[in-house]
Amino acid sequence: MILGATLAGCRHGTPTRTAPKESGDYVVDARDGRAYRTMTVGGLAWFAENLACLPHVSANSGHGGNWVYGFEGSDVARARQTAEYAAFGSLYDWEMALRACPKGWHVPSDEEWRLLEVAFGMTLDEASARSWRGSNQGTRLKRGGDSGFDVVLAGWRSGDGRSAFREEHANFWTSTSVDHRAYERLFNIRRPTVGRDLGNKTAAFSVRC
């Protein structure tokens, strides 16, 4: 299981140490009652849906930011009612992402993402490369593929506050930091492969715990 403690709250920012309840192939986040489908790949348990923890909507860009694609304002209730939140969950800058998963889960490292990719047929050399790698792993991991991982193309939010590439592109954080950047994974509607690159920590990406 991808393990790690967090103190971030999902309901109005209230911290909690309550562990999620596991029920079959779902985990219920006790902070807001939301259930996430899970799957096990290569001995690691993963969320098969984007994290949607939304304790607040950040008014501005900066460290510890949490947003919904395209939503302007800070009203959490209104943000949760948007079609973008229902379809894609939340977007997090890197600092917030590290605190966002339920207790007992964490943002996967770059190595754990590579283990996932190898389990779906990428070679070790391919998985360790930068840019777009593999053959059809992106297709398999996206919604409609045969993996069950169901990546949705949620777009992302730039460090200066622009939302872009919804239903075209998806970015996912890893916990592996390199100075002011961190490793990310990228999926694109036109590419069958999976991208591996470094993203600026002030950008807001999706999270799989």
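Before reading on, note that the structure itself is shown above.
A. Inspection of the nonpolar core at higher detail. Within the largest apolar cluster, 32 residues are counted, with the highest numbers of intra-cluster contacts made by L51, Y92, W173 and V207. Per element, the largest residue contribution to this core is 4 residues, and it comes from helix α3 (residues 94-100). Excluding residues within four positions of it along the chain, V207 makes contact with E49, N50, L51, Y92, A97, C101, V107, F172 and W173. With 18 residues, the next largest nonpolar core counts M39, V41, M122 and A170 among its residues.

B. Layout of the sheet that holds strand β7 (residues 131-133). If you trace the 4 strands from one edge of the open sheet to the other, you get β7-β12-β11-β10, paired in antiparallel fashion. Looking at strand neighbours, the two that pair on one side only are β7 and β10 (169-178), the edges of this open sheet. Adjacent strand axes in the sheet meet at a mean angle of 30°, parallel and antiparallel pairs treated alike. Pairing between β10 and strand β11 (residues 181-188): 7 bridges, direction antiparallel. Its bridge partner being in β11, F172 is matched across the sheet by R185. Packing of helix α4 (residues 110-119) onto the sheet brings it into contact with β7, β10, β11 and β12 (194-200), and relative to β11 it is tilted by some 25°.

C. Quick look at the pairing of β11. Along β11, 7 of the 8 residues are buried, which leaves the element largely enclosed by surrounding structure. Hairpin connection, β10 to β11: the antiparallel pair is bridged by 2 residues, and D179 has positive phi, about 60°. With 6 bridges joining them, β11 and β12 adopt antiparallel strand pairing. The residue of β12 that forms the bridge with R181 is N200. The turn joining β11 and β12, which pair antiparallel and follow one another in sequence, is formed by 5 residues.

D. Focus on the state of the cysteines. Considering all chains together, one arrives at 1 disulfide under this definition. The disulfide that involves C101 links it to C209, with 2.1 Å between the sulfurs. Measuring the twist about the S-S bond at about -100°, one finds the C101-C209 disulfide to be left-handed. Note that C101 is positioned in the loop between α3 and α4 and C209 in the segment after β12, a separation of 108 residues in sequence. Accessibility assignment for this pair places C101 and C209 in one class, buried.

Reading guide: rules and limits
Per chain, residues are indexed from 1 in the order of the written sequence. Confidence filtering applies because this is a predicted model: local features only for residues at pLDDT of at least 70, side-chain atom pairs given and counted only at 80 or more, and all residues used for totals across whole chains, interfaces and linings. Neither water nor hydrogens contribute to the side-chain values; these are computed over all heavy atoms in the structure. We define a nonpolar core as any set of buried Ala, Val, Leu, Ile, Met, Phe, Trp, Tyr and Cys residues linked to one another through side-chain atoms lying within 4.5 Å. For every residue, the accessible area obtained with a 1.4 Å probe (protein chains only) is divided by the maximum for its type, and the residue is called buried under 20%, exposed over 50%, and partly exposed between those limits. Here a helix means four or more residues in a row that DSSP labels H or I, a strand means two or more in a row labelled E, and each is numbered from the N terminus. Contacts: residue pairs with any heavy atoms within 4.5 Å of one another. Strands are labelled as partners when DSSP assigns at least two bridges between them. Orientation is described by lines fitted to C-alpha atoms, with helices fitted over the stretch in contact, and by angles between N-to-C directions that extend from 0 to 180 degrees. Note on terminology: pairs of cysteine sulfur atoms within 2.5 Å are recorded as disulfides.

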